[in-house]
Every structure is written in C-alpha cells, then in structure tokens.
Amino acid sequence: MSGPRAAERPERSIRFPAKDEPLRDDVREVGALVGEMLREQGGEELFAHVESARRLAIRRRESTGEERQRAEQALADVLRELELDTTRELVRAFSAYFKVVNLAEQVHRIRRRRSYLADPQSASQRESLADALRRLRSARPDLDAGALQELLDRLRIEPVFTAHPTEATRRVVLEKEQRLARRLVERLDPSLTLPERRTNRERILTEITTAWQTQQRPPSRPTVADEREHVLFFLTDVLYRVVPAFHEELERALVEVWPEHAETLRVPGVLRFASWVGGDMDGNPNVDASTFRAALSRQRQLALELYRREVRELSGRLTQSPARVSIDDQVLERVERYRELFPHVYDEITERQRGMPYRVLLALVAERLRAGADDGANGYASVQQLGADLELIASSLRRNRGGHAGLFRVQRLARRLDTFGFHLAALDVRQDAAVHRRVIGRTLGDQEWETRSPEQRAATLRELLGGTLRSMRSEGGEPEVESTLEVLCAQAEARTTYGAEAVGLSIISMARAADDVFTVLALERLATGSEDSVSDVCPLFETVDDLDRAPLVLAELCADRVYRAHLDRRARRQFVMIGYSDSSKDAGITASRWALERAQRRLVEVAREHGVELVLFHGRGGTVGRGGGKTHRAILAGPAGAVDGRLRMTEQGEVIADQYGLRGIAERNLERTTGAVLLATAAPSPERDLPTELLELAAASSRARYRALFYEDARFEAYFRAATPIDVIERLQIGSRPASRRRGGGAEALRAIPWVFAWTQSRHGVPGWFGVGTGLQAVADAHGEEALEQLAQVPFFANLLSDVEMAMARRRGVRGTC
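Procedures and definitions
Residues numbered from 1 in each chain as written. Predicted model: local features only at pLDDT ≥ 70, side-chain atom pairs only at ≥ 80, totals over all residues. Heavy atoms only, no water. Helix = DSSP H or I, 4+ residues; strand = E, 2+ residues; numbered from the N terminus. Rg over C-alpha atoms; globule rule 2.2 N^0.38 Å. Buried < 20%, exposed > 50% of the residue type's maximum accessible area, 1.4 Å probe, protein only. Contact = heavy atoms within 4.5 Å. Lys, Arg positive; Asp, Glu negative; His and termini not counted. Charge placed at Lys NZ, Arg CZ, Asp CG, Glu CD. Expected span 1.5 Å × (residues − 1). Pairing = 2+ DSSP bridges. Axes fitted to C-alpha atoms, helices over the stretch in contact; angles between N-to-C directions. Parallel < 35°, antiparallel > 145°, perpendicular 65-115°, else oblique. Nonpolar A, V, L, I, M, F, W, Y, C, P; charged D, E, K, R; others polar. Polar contact = N/O pair within 3.5 Å; in protein donor to acceptor, adjacent residues only side chain to side chain. Phe/Tyr/Trp six-rings, centres within 6.5 Å; stacked < 30°, edge-to-face > 60°. Lys NZ or Arg CZ within 6 Å of the ring centre and 35° of its normal. Salt bridge = Lys/Arg side-chain N within 4 Å of Asp/Glu carboxyl O. Core = buried A, V, L, I, M, F, W, Y, C linked by side-chain atoms within 4.5 Å. pLDDT = per-residue confidence, 0-100.

Engineer: Account for the overall build of the chain, naming residues and giving values.
Structural biologist: Across its full length, the chain carries 33 helices and 8 strands. Computed over C-alpha atoms, the radius of gyration of the chain comes to 29 Å, within 12% of the 28 Å expected from 2.2 N^0.38 for 818 residues, which places it in the range of a compact globule. With respect to the three principal axes, the spread of C-alpha positions in the chain is 85 × 80 × 60 Å. Counting the 818 residues in the chain, one finds 53% classified as buried. Restricting the contact set of the chain to residue pairs at least 6 apart, pairs at least 24 apart contribute 81%. Taken together, the 123 basic and 123 acidic charged side chains of the chain have centroids lying 3 Å from each other.

Shown next as structure tokens:
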C-alpha cells in the first residue's frame with residue numbers, strides 16, 4: 001500500500017504460491033496505487049501512520065516469542081496515540097487496500113479460468129461443467145439420450161437474494177468496483193501497448209480515488225427500496241449478462257462429453273432467481289403489501305427496459321434485405337400488424353430502412369416493450385407474446401442462412417427472457433408463524449386461539465377450510481390483521497399482473513406444527529375469497545427442536561385430506577425450508593449440522609412414502625457459523641435424495657458481492673453449483689450406515705457445552721457486550737430491520753446475523769467453532785480415537801470439519817479453545 005517503491009521491499013504482507021505470481025504483480029501494482037492515492041488525498045502524515053501500522057502488523061504476524069510480543073506492543077502504542085479522526089482514516093485506508101486486493105484476487109481467478117479455456121490441450125478445469133459431466137458419465141455409463149434429457153429437464157438452480165446488514169455497500173460504490181475490476185481484467189491482455197497500460201493505470205487510480213472521496217454508507221438507515229436496488233444491481237448488471245453464457249457452456253460441455261447425443265439433447269432454462277427484498281416481513285415493520293407491489297413493479301420496469309435496449313441493438317444489426325436473402329412471410333405479416341398498432345413509429349423509420357424487415361419489426365417490438373413499461377394498451381400482455389416474436393425471427397433466420405447472421409444474438413435474448421420473464425426474480429413473502437396465529441385468532445374472534453394446542457388449532461382450521469371460511473372475514477379490522485390480509489391480496493393480484501412465476505413462496509418463519517401451514521391457507525382464503533389456494537406454502541424450520549419435528553409435520557400434512565387437495569393443485573410439490581443460522585445460534589454448529597442432516601434424511605423418506613416431490617430450500621448464511629462454506633461441497637456431502645435436480649438456497653450479505661459481483665466469478669459459481677447438483681442427483685455417493693450413536697454423542701456434548709456458556713452462564717451477557725462491538729452494530733444504520741427480534745431480550749433475542757457479525761468483528765469467530773472440540777473429545781473418551789476416524793469418513797461430517805478448519809484459520813491470533 002506504499003507507493004511506487006513497494007515492489008523493492010523484501011517484506012510482503014501477502015504470500016503467494018508460484019502459480020499465483022501474476023496475482024503478486026497485480027497486488028503490488030494496486031497496492032502502490034492505493035499508496036499514491038493516500039499520499040495525495042490524506043497527506044504524508046496519514047501515509048506514514050498507515051505504513052507504520054502495516055510494518056508492525058507484518059512483524060507481529062511473522063514473528064514468534066518475545067519478538068512477536070514487542071511488535072504487538074509497538075502496534076498497540078502506535079494506534080493508541082492516534083486521534084479519533086486519524087484512526088478513522090487509517091481504518092478506511094486499510095479497507096480501501098483490502099478491497100482492491102480482493103478484486104485483484106477475483107480477477108486472478110478469472111485469469112486462471114481463461115487459461116484453462118484457452119488451452120485446447122488442457123484438461124477441463126476442476127469443478128467445471130465439463131468436469132462434472134465427465135464424472136457423471138464415468139459413474140453412469142448407462143445414461144442414454146432420454147435419461148439425460150429427463151435429467152436436464154428436472155434441473156433447476158434458484159439462488160434467492162436477501163437483504164442483510166453484513167453487506168450494505170452503496171450502489172454507486174458497487175459500480176465503481178465493477179469498473180475497477182474491468183480495468184484489472186483489461187490488464188490481462190498481453191497485446192496492450194505501453195501507452196495503453198499507462199492509460200489503464202490512470203483509470204484504475206481514478207476509480208480508487210473517487211471511491212475514497214465517496215461516503216461508503218449514507219448517514220441514514222437504508223430503506224427497503226435502497227436494499228431492493230442493491231440486489232437488483234447484481235441481477236441487471238451481472239447475471240443478466242451471465243445467463244446466456246452459462247447455458248452455452250452447458251451446451252458445449254454436453255456435446256464434448258456426449259457427442260453422440262449432440263443432435264438430440266436440448267438444454268432448457270436451468271437458472272431462476274428469487275428475492276426476499278420487499279416481501280420479507282419477518283420482524284421488519286417496514287415491509288408490507290406496498291413494498292411487495294413496489295418491488296415487483298420496479299423489477300418489471302427494469303426487465304422491460306433491458307429487453308428494449310437489447311432489441312434496439314438487435315434492430316441495428318439485423319439489416320438483411322429481401323433482395324439478398326429470403327425472409328419468412330410471417331415476419332412481413334407481423335411487421336404489417338405492428339405497423340397498425342404503432343403507425344407513428346413506423347412513419348419515423350426512413351424509407352431506406354423499411355426494406356430491412358427484421359430491423360423494422362424489432363423497432364416495433366421495442367415500441368411495444370415501451371408501451372408495456374408505460375402500461376399502454378398495446379404493450380405485451382405476457383412473456384409468451386414477446387417470446388413468440390423472437391421465435392418468429394429466429395425461425396426465419398434458421399431457414400434462410402441466418403445461422404451466422406444474427407441468430408446467436410436472438411437466441412441469447414430468448415434465453416434471458418426465459419430466465420427473467422417480465423419480473424427478473426420471483427418475490428417471496430416471509431412472515432413469522434406467531435404473527436399468523438395472532439391474525440387468524442383475531443379474525444375468528446377466538447381470544448384463546450394462541451394458547452390452544454397445535455392439534456386443536458389444526459383440527460379447527462381443517463374444518464373451516466372444508467367449509468365457508470371466506471364469509472368470515474371482518475371489515476375494518478385491526479391494523480395487523482388488515483396488513484397481513486392485504487399482503488395475501490397483493491400476491492394474488494401479482495399473479496394476474498406479472499404472471500405466476502413472479503410470485504415466489506409463502507414462507508412461514510419459526511414453523512413448528514401443521515397448523516402453521518393450515519393457517520396460511522386459511523388466511524389466503526380470507527383475503528382473496530378463493531376456495532382454492534394457489535400459493536406454495538413453505539414452512540421454515542429453524543431451531544434444532546423444530547428441525548427434529550419437521551418430518552412429523554410433513555407427514556401430517558401429506559396424510560391430511562384437505563392438504564392433499566392443495567398439493568394436487570401444486571403438482572404434488574412441497575417446499576420445505578431448513579434454517580442454518582438460527583439452529584446454529586440455538587445449539588452450536590455441530591448440533592445444528594447434525595440436526596439438518598437428520599431432518600433432510602427423514603423429510604426425503606416422508607415425501608417418498610407419500611408420493612410428494614420435496615424441494616428443500618436451504619437458508620444458508622455467508623459465514624460458517626450461519627451455514628456458509630463451499631456450496632458445491634455441501635451439495636455433494638448431503639444425503640441421497642435431498643437434491644433431486646432442484647436447489648433453492650439463500651444468498652446473503654457479503655456473499656452476494658463475492659459470488660455474483662463479477663461476471664466471470666458469477667458464471668464460475670453457477671457452474672460449480674450446477675455440476676454438483678447434477679452429480680448429487682444422478683450419481684450420488686453410495687449410501688452407507690451412519691454411525692448414529694457417535695453423531696448423537698458429538699452433537700449432544702457439543703450442544704450442552706455451547707448452551708452452558710451462551711444461555712446458562714449469568715456472566716456471558718456482560719462478556720459478550722465487552723468482547724464484541726455489538727453495541728455499535730445495534731446502532732449502525734446499515735439495515736432496514738432491527739437487530740433483535742424483540743426488545744430487552746439480550747443476546748438470546750438477537751438475530752443470528754448481528755450475533756455472528758459481532759463475533760466476526762472481534763475475530764473470535766465463535767459461531768464457527770465453539771463446542772466442536774467438546775463433541776469430538778466426548779466421542780474419543782467413550783469410543784476411542786478410532787471412532788473419530790470413523791466420523792471423518794461421513795461426508796457431511798467431513799464437510800463440517802473442513803468448514804470449521806476454515807473458520808479457525810480466519811481467527812488466527814485469537815486465543816481460545818473449542
């Protein structure tokens with residue numbers, strides 16, 4: 001971070017293996033640019049403080065014994081003497097440095113991927129689609145074209161973006177980072193001349209400097225609309241561009257691995273995206289029917305604008321003339337039809353351009369998209385109508401030697417339309433089961449409703465759902481009742497306005513029993529007056545105890561006559577969400593992971609017994625303590641049948657930027673995930689007997705140790721407040737939702753995200769490791785160390801240990817024991 005002479009220093013704050021030498025050069029270059037920026041913007045004094053802290057931190061990390069202690073004390077002395085304003089600037093300086101270093105590392109991953117793709121002699125990159133398909137063919141040589149097509153048709157990867165305060169970077173800053181990354185990618189071009197490299201360097205310096213001069217976060221708490229725009233950035237600026245390339249790579253990999261089926265296999269739309277921003281009401285009073293409607297309206301507006309922009313670009317490219325090549329009559333007929341709809345647009349097309357039918361039709365298509373965005377009478381009423389226009393053009397190009405004259409770009413647009421529709425991402429709704437209970441109890445006029453047993457509530461709701469429940473809705477009810485019912489009305493309206501795919505799941509947080517699901521069906525009927533529910537109701541089981549009950553709840557639902565009728569309307573598909581964050585906060589990582597594994601196995605069995613297609617929705621967080629880690633490894637380590645071609649998972653906080661911030665990284669992440677789903681579906685690891693006794697012992701011992709400290713030790717609350725910056729996090733204006741589920745509940749009431757965030761900021765990393773060692777020691781004491789080796793052979797437990805190792809590595813230098 002230290003200016004032009006940094007490359008001459010023998011010391012290095014970051015070490016690289018030989019294969020990453022180009023990354024070393026990039027880090028040295030961007031570090032020098034950050035140092036140059038700091039001198040210019042902060043002066044020599046700030047630069048000197050940064051350099052002093054940097055050198056001492058390196059000495060502290062690379063030394064041992066007394067030398068380490070001296071370096072640590074010297075660093076503490078330097079920092080203690082700084083004024084508050086200087087300390088703030090120093091922290092921001094290091095943040096700026098690590099931000100560009102992280103970008104350089106991501107660009108290096110793109111560099112390495114390109115090296116694989118550029119070398120025709122090299123093997124497929126590990127965990128690429130081609131690599132996954134080769135492994136699949138080796139494991140399943142029996143797969144014929146029909147079985148492969150069935151597998152592809154079943155395949156669906158659906159990341160779900162949520163708004164969480166561990167990532168609150170402003171959109172303008174994200175855009176600067178995108179431009180900075182593109183400048184770094186430009187440096188990969190070996191043909192750049194010296195003047196071009198100098199220009200590139202100045203552009204990088206410009207982005208670094210303007211980012212420094214931009215306030216990283218607004219002074220006020222972000223609104224739901226701000227969080228929505230944050231998520232939409234990744235959808236519109238990154239994933240919109242990545243989707244066609246991803247599917248094209250899947251097509252190429254299939255041809256490469258199964259060339260004999262190249263003519264028959266068809267790659268359907270594999271990717272879909274969803275969002276919680278605008279529909280996640282759980283503990284957030286700022287989310288309601290208005291934010292739900294506003295989110296879908298904004299998403300539609302952006303989708304239509306993206307298509308319109310691309311259609312106009314296509315219009316300038318497809319300039320074929322009937323005098324040179326044939327064009328299908330259907331294209332000419334569609335031009336005449338749209339000419340009548342938009343005569344003013346046709347009249348603006350010059351006489352010379354009217355002899356280019358594709359160009360004219362696309363100009364009129366663009367106008368129809370504009371009319372739709374403005375809610376005009378002649379706008380597209382459905383995605384299918386626009387898709388039909390694109391297919392009309394594509395078919396004409398195929399039949400008239402247009403394979404290399406524009407067909408590729410038309411197909412790319414069609415692929416985007418298939419993926420994003422007119423809604424970009426399905427919008428889920430989430431609400432706490434306790435809120436639903438209050439609302440249905442008040443609507444039914446039963447003051448004792450919440451204190452009744454789940455069995456009593458379920459019996460009453462079954463009877464009502466079989467009768468005339470819709471006639472019981474009260475007028476002018478309580479605000480919470482009306483607000484809840486209005487959201488359900490908004491969902492029903494959105495299915496008509498934006499299409500069924502625009503409305504995602506109705507998720508029930510803290511679900512505990514079948515009555516929680518029946519409650520949503522009853523409320524939907526109350527809100528809409530419809531006898532038949534069309535919502536995908538998804539119970540979310542979050543604590544360890546709730547995860548243990550989940551299979552019993554599913555069995556009760558599947559056996560119920562009323563709910564079976566609902567499942568029949570939903571193609572006998574049931575979504576069940578399992579929560580990683582709250583179960584880990586509740587019982588520790590070992591007990592949480594075992595509860596999740598156990599629940600998945602039993603849920604799969606129940607669904608199979610009842611002939612129901614189960615789709616597990618994984619509520620994973622970004623850090624290990626909240627279920628984070630290597631997604632593809634977690635998929636492959638999961639129980640057989642838990643992934644049956646479909647994967648739905650949350651993408652939260654900083655993970656969104658890390659995995660979807662750059663196009664090359666996003667495509668690689670989607671490839672690895674898809675490859676793992678293919679293998680887990682068609683070639684799962686052979687089932688083996690689980691050492692259940694060992695796992696139960698490890699989980700129970702770990703849970704007891706964890707809860708003894710965090711929930712039973714009276715001294716813990718004071719320690720937590722002193723050892724972490726939780727008081728600062730609670731006051732930060734970086735999320736639209738409160739840090740705690742309820743006031744005055746202490747650490748127990750704290751949401752999992754600020755809980756983990758607080759431990760992360762103090763480098764304790766407690767949620768990612770605490771209690772694991774106790775569980776392992778209990779197994780060793782009772783069964784010997786060979787039992788630990790047996791545990792390490794269990795895929796999910798091996799993956800857990802790998803995640804814990806990563807969490808421990810990140811807390812290097814913090815003393816403690818697990």
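Engineer: Talk me through the environment of T484; I want residue IDs and the actual numbers.
Structural biologist: Tracing the sequence through the fold places T484 in helix α17 (residues 479-498). In this structure, the C-alpha to C-alpha distance between T484 and T291, residues 193 residues apart in sequence, is 13 Å. Residues in contact with T484, not counting those within four places in the same chain, are V435, H436, V439 and L523.

Engineer: Quick rundown of helix α13 (residues 383-399)? Include the residues and the values.
Structural biologist: Over its 17 residues, α13 extends 24 Å from the first C-alpha to the last, a length consistent with the 24 Å expected when each residue adds 1.5 Å. Of all the positions in α13, only L386, D389, L390, L392, I393, A394, S395, S396 and L397 are classed as buried. Buried positions along α13 lie against α9 (289-317), α10 (329-341), α12 (357-373) and α14 (407-420). Phi for R401, located one or two positions after α13, is positive at around 55°.

Engineer: Could you give me a rundown of the pairing of strand β8 (residues 646-651), with the residues and numbers involved?
Structural biologist: Along any regular strand the residues' side chains alternate between the sheet's two faces. Along β8, 6 of the 6 residues are buried, which leaves the element largely enclosed by surrounding structure. Side chains of β8 alternate between two faces, with R646, R648 and T650 and L647, M649 and E651 buried alike. Two strands pair when backbone bridges link them, and strand β1 (residues 156-161) and β8 are joined in this way by 6 bridges, in the parallel orientation. Along β8, the bridge assignment pairs E158 with R648. Summarising the sheet, strand β7 (residues 613-619) and β8 pair through 2 bridges and their orientation is parallel. Residue pairing across strands places F617 opposite R648, the latter belonging to β8.

Engineer: Quick one: what's the story with the packing of helix α31 (residues 772-783) against helix α32 (residues 785-792), residue by residue and with numbers?
Structural biologist: A packed helix pair is summarised by two numbers, namely the angle formed by the two axes and the spacing between the axes. Taken N-terminus to C-terminus, the directions of α31 and α32 make an angle of 130°; their axes are 6 Å apart at the nearest point. It follows from the interaxial angle that α31 and α32 lie oblique. In contact with L776, V779, A780 and H783 of α31, α32 contributes E785, E786, A787, L788 and L791. Per-class residue counts for the contact of α31 with α32 are 6 nonpolar, 1 polar and 2 charged.

Engineer: Which residues make up the sheet that holds strand β6 (residues 573-579), and what values do they have?
Structural biologist: Overall, parallel pairing links the 8 strands, which are arranged β1-β2-β3-β4-β5-β6-β7-β8 in a closed barrel. Running over the sheet, α17 touches β3 (426-432) and β4 (503-509) and is turned about 160° from β4.

Engineer: Could you give an account of the environment of D288, naming the residues involved and the relevant values?
Structural biologist: With respect to the helices and strands, the residue D288 is situated in the loop between β2 (274-275) and α9. The partly exposed category is assigned to D288, whose relative accessible area is 27%. For the pair D288 and S483, spaced 195 residues apart in the sequence, the C-alpha separation amounts to 6.9 Å. Polar side-chain contacts of D288 include one of 2.4 Å to the side chain of S290.

Engineer: Break down the packing of aromatic side chains for me, citing the residues and quoting the values.
Structural biologist: Under the criterion given, the structure shown has 25 aromatic pairs. With a centroid separation of 6.3 Å and an interplanar angle of 5°, the aromatic rings of F161 and F273 are classed as stacked. Here F273 lies in the loop between α8 (224-257) and β2 and F161 lies in strand β1, a separation of 112 residues in the sequence. For the pair shown, F161 and F273 are each scored as buried. Each member of the aromatic cluster is reached from another via a ring pair, and the members are Y706, F710, Y711, F716, F720, W755, W759, W769 and F770. Over the aromatic face of F47 sits the side chain of R39, whose NZ or CZ is 3.9 Å from the ring centroid. Taking the ring centre of Y711 as reference, the NZ or CZ of R707 above it sits at 4.2 Å.

Engineer: Mind laying out the pattern of salt bridges, listing which residues take part and the relevant values?
Structural biologist: Per the counting criterion, the structure on display carries 71 salt bridges. Of the charged contacts, one joins R298 and E229 as a salt bridge, the two residues approaching to 3.0 Å between their closest N and O atoms. Here E229 lies in helix α8 and R298 lies in helix α9, a separation of 69 residues in the sequence. Overall, R298 belongs to the partly exposed group, its relative accessible area being 24%. Its relative accessible area of 18% is what places E229 among the buried residues. The partner of R707 in a salt bridge is D586, with the nearest N and O atoms 3.1 Å apart. Of this pair, R707 sits in helix α26 (residues 692-710) while D586 sits in helix α21 (residues 581-587), and the two are 121 residues apart along the sequence.

Engineer: Please set out the nonpolar core residue by residue, giving values where relevant.
Structural biologist: One finds L133, L235, L239, F273, Y307, L386 and F420 to be the most contacted residues of the largest nonpolar core, which totals 106 residues. Sort the elements by how many residues they give to this core and α8 lands first, with 16 residues. Residues within four places of F420 in sequence aside, it is in contact with L235, L239, Y240, V243, F273 and Y307. Counting 84 residues, the second largest nonpolar core, distinct from the first, contains I440, V517, W755 and V766.

Engineer: Please set out the confidence of the model for the chain residue by residue, giving values where relevant.
Structural biologist: A residue-level look at the chain finds 92% of positions with pLDDT of 70 or above and a mean pLDDT of 89. Under a pLDDT of 50 for its full length, residues 2-13 has, in the predicted model, 30 contacts with residues more than four places off or in other chains. Segment residues 813-818: pLDDT under 50, and 13 contacts once partners within four positions in sequence are set aside and those in other chains are kept.

Engineer: I'd like to hear about the packing of helix α27 (residues 716-723) against helix α30 (residues 752-761), residue by residue, with values.
Structural biologist: Close contact between α27 and α30 brings their axes to 9 Å; oriented N to C, the two are set at 60°. By the angle between their directions, the pair α27 and α30 is classed as oblique. Facing α27, whose interface residues are F716, Y719 and F720, α30 presents W755, A758 and W759. In the contact of α27 with α30, the residues fall into 6 nonpolar, no polar and no charged.

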